[in-house]
Amino acid sequence: MEHTIVSDTRILVDLDRIAGNMRAVRDMAGPGVAVAAVVKADAYGHGAVAVAPTLMENGAAMLAVANLKEALALKEAYPQYPVFIMGLTPDRLLPLVVEHGIIQTVDSLHQAQVLSRLAQVQGRAAVIHIKYDTGFHRLGFPAGPESLEEIRKACSLPGIDAQGFFSHLALKDDASNEAQFSAFMEAADALEQMGCRFRFRHIADSISGVDDPQYRLDMIRTGALLYGLKGFHRGKLDIRQALTFRTRISHISQVRKGEGVSYDYVWTAPADTRVGTLPFGYADGYPRSLGCGKGMVVIRGKRVPIVGVLCMDQCMVDLTQVPEAQVGDEVIIYGDGSDGTLDIQEVSQLAGTNKNEIVARLTARPPRIYIHGDREEASL
Ligand SMILES: *Cc1c(COP(=O)(O)O)cnc(C)c1O
């Protein structure tokens, strides 16, 4: 019973591909450039706790997440892995950060002071990365000389280990990236003159990490690449999509010409039609906007359209192209592009969004099945 996968709708994650992608990124970065493996949003839907060892064993220097909840989940499973929160943590939760030895982003002298006091009380260092705003205007000390003085103070507080100094690119175009990078380096150099030395200065994400080698500095922060999602334009990197999303046909209806299907009968059969019901919907993370003929799935090697309104837990497909289809047939919702399947890139274009959103929005409902060598292991 313990090995029973209790749902036909499931997400397969190929850990060997994630390992290969991690090694490709590690090799690209070269010696002297660390790789922070970004595993926020449950590793972009792949399962952070499940993929973390694969990333760390294949060259990641640390795991990067968005918030404290994500960091605590990883620290509970792997107290020994360095975990870096790229977002801010409210003052009242900073004791947990220090207690669990989590690396925290700081963008105010005030929070550095709070962490310094906690570090002294708890008798352990508070490890921080200072964020500097070079134009994105999301987080960071505002650019300018007053901030440099505050950063200098923050770095010299007792109990504070200022391990990193970083910023984030808006990726508007080369000129704007270059302006942000120059502002960053100017600040980093000025801080060095003022006595602040950082082990990791970092500004590049997946896209700039591949396209702009000159921005790699001491570390790159890559998410998308690890999962085989290619957003870069100039560079080259041999990576493979790690995730597929599958289900099986649960029911087949004979719908007569002129009869409707799903809410509001938005779709009516143009002729007598075999309609398949599939047990996945928007509560699994599939975009509701891909109902009504926009989205397609692959059954027996053929693309078939989703017809009518996509429901929370189910949707219907027109089986005209696959007259031999039967209940129980395998359905590829997101494939890797082989055998006519729609990969994450194609789905994201159909849905009018980016690849990261398509995977990050996958919910916890479909079980994840991890493929490693010829073993498959389900997470329930
Ligand atoms: C999410 C995130 C990244 C990783 O982005 P990818 O494009 O997936 O590589 C890097 N840095 C920060 C600050 C982030 O929030």
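Bear in mind the structure is a predicted one, so any value in this text is a computation, not a measurement.

Enquirer: Sorry if this is basic, but what is going on with the overall build of the protein here?
Expert: Looking only at helices and strands, the protein features 11 helices and 21 strands. Expressed as lengths along the three principal axes of its C-alpha atoms, the size of the protein is roughly 80 × 50 × 40 Å. Across the 380 residues that make up the protein, the buried fraction comes to 54%. Considering only contacts in the protein between residues 6 or more positions apart, those separated by 24 or more positions represent 64%. Of the accessible surface of the protein, which amounts to about 16,900 Å², a share of 51% is contributed by carbon and sulfur atoms. Once the 39 positive and 45 negative side-chain charges of the protein are each reduced to a mean point, those two points are 1 Å apart.

Enquirer: In this structure, what is going on with empty space enclosed by the protein? I would like to understand it.
Expert: Where empty space is left can be seen by rolling a probe of water-molecule size over the atoms. Counted under the stated rule, the structure contains 1 cavity of 30 Å³ or more. The computed volume of the largest cavity comes to approximately 30 Å³. Around the largest cavity, the lining residues are Lys131, Tyr132, Asp133, Thr134, Phe136, Arg138, Leu139, Ser167 and His168. Per-class residue counts for the lining of the largest cavity are 3 nonpolar, 3 polar and 3 charged.

Enquirer: Can you help me understand the domain arrangement of the protein in this one?
Expert: When the parts come together, some accessible area is lost, and that loss is often what is quoted as the size of the interface. In terms of domain boundaries, the protein breaks down into domain 1 (15-227) and domain 2 (243-379). Computed from C-alpha atoms alone, the centre-to-centre distance between domain 1 and domain 2 is 37 Å. Counting residues at the interface gives 11 residues for domain 1, matched by 10 residues for domain 2. Where domain 1 abuts domain 2, roughly 930 Å² becomes buried across the two surfaces, and 51% of that area is made up of carbon and sulfur atoms. If you sort the residues of domain 1 by the area they bury against domain 2, Leu15, Tyr44 and His46 come out on top, with a joint share of 47%. Put simply, domain 1 and domain 2 have 1 salt bridge between them. For Arg17, the salt bridge is made with Asp336, and the minimal N-O distance between the two is 3.2 Å. Our enumeration of links across domain 1 and domain 2 arrives at 6 residue pairs in polar contact (both at pLDDT 80 or more). Sorting the residues of the side of domain 1 that touches domain 2 by element identifies helix H1 (15-29), helix H2 (40-44) and helix H3 (48-57) as the ones contributing at least two each. If you tally residues by element for the side of domain 1 that touches domain 2, the top one is H1, at 3 residues.

Enquirer: Sorry, what's going on with helix H7 (residues 145-155) here?
Expert: Turn by turn, an α-helix covers 3.6 residues, leaving residues three or four places apart pointing in a common direction. Among the residues of H7, Ser147, Leu148, Ile151, Ala154 and Cys155 are the ones counted as buried. An end-on view of H7 places all buried positions within 120° of arc, on one side of the element. Across H7 from its buried face, at more than 90 degrees, point the exposed residues Pro145 and Glu146. Next to the buried residues of H7 lie helix H6 (109-122), strand S6 (126-133), strand S7 (141-142), strand S8 (160-166) and helix H8 (174-193).

Enquirer: Whenever I open this one, the site of the ligand confuses me. Can you help?
Expert: Taken together, 13 residues lie near the ligand, and Lys40, Tyr44, Ser206, Arg221 and Ala224 sit nearest. Contact distances for the ligand include 2.9 Å between an oxygen atom and a backbone N or O atom of Gly223. In this structure, an oxygen atom belonging to the ligand sits 2.9 Å away from a main-chain N or O atom of Ala224. Compared with its free state, where it exposes 390 Å², the ligand has 89% of that area covered by protein. At a threshold of 2 Å from the grid points, most atoms of the ligand map onto the largest pocket. Mapped onto the shell around the ligand, the elements with two or more residues apiece are H2 and strand S10 (219-222). In the shell around the ligand, the residues fall into 4 nonpolar, 5 polar and 4 charged.

Enquirer: Explanation requested: the layout of surface pockets in the structure shown.
Expert: The space that makes up the largest pocket amounts to roughly 820 Å³. Lining the largest pocket are 37 residues, and of these His168, Leu171, Asp205, Ile207 and Asn356 lie nearest its centre. Looking at the lining of the largest pocket, the elements with two or more residues in it are H2, H8, helix H9 (206-211), S10 and helix H11 (355-360). Split by residue class, the lining of the largest pocket holds 14 nonpolar, 10 polar and 13 charged. Of the domains in this structure, domain 1 (15-227) and domain 2 (243-379) are the two that each give at least three residues to the lining of the largest pocket.

Enquirer: I keep staring at the packing of H3 against helix H4 (residues 68-77) and nothing clicks. Help me out?
Expert: Two packed helices can be described by the angle between their axes and the distance between those axes. Two numbers describe how H3 lies on H4: the axes approach to 10 Å, and their chain directions differ by 60°. Our pair here, H3 against H4, has a crossing hand that is right-handed. Judged by residue contacts, Ala48, Val49 and Ala52 of H3 engage Ala73, Leu74 and Ala77 from H4. Residue classes in the contact of H3 with H4 are distributed as 6 nonpolar, no polar and no charged.

The rules behind these values
Residues numbered from 1 in each chain as written. Predicted model: local features only at pLDDT ≥ 70, side-chain atom pairs only at ≥ 80, totals over all residues. Heavy atoms only, no water. Helix = DSSP H or I, 4+ residues; strand = E, 2+ residues; numbered from the N terminus. Buried < 20%, exposed > 50% of the residue type's maximum accessible area, 1.4 Å probe, protein only. Contact = heavy atoms within 4.5 Å. Areas by Shrake-Rupley, 256 points an atom, 1.4 Å probe, with all protein chains shown as cover. Lys, Arg positive; Asp, Glu negative; His and termini not counted. Charge placed at Lys NZ, Arg CZ, Asp CG, Glu CD. 1 Å grid on protein atoms, 1.4 Å probe; cavity = no way out; pocket = protein on both sides within 12 Å on 5 of 7 lines; lining within 4 Å. Points joined across faces, edges and corners; volume = space filled by probe spheres on them. Nonpolar A, V, L, I, M, F, W, Y, C, P; charged D, E, K, R; others polar. Domains from an automatic or database assignment. Buried area = accessible area lost by both parts, 1.4 Å probe. Salt bridge = Lys/Arg side-chain N within 4 Å of Asp/Glu carboxyl O. Polar contact = N/O pair within 3.5 Å; in protein donor to acceptor, adjacent residues only side chain to side chain. Arc of directions from axis to C-beta. Near = heavy atom within 4 Å. Sits in = over half its atoms within 2 Å of the grid points. Axes fitted to C-alpha atoms, helices over the stretch in contact; angles between N-to-C directions. Left-handed = near helix turned anticlockwise from the far one by under 90°.

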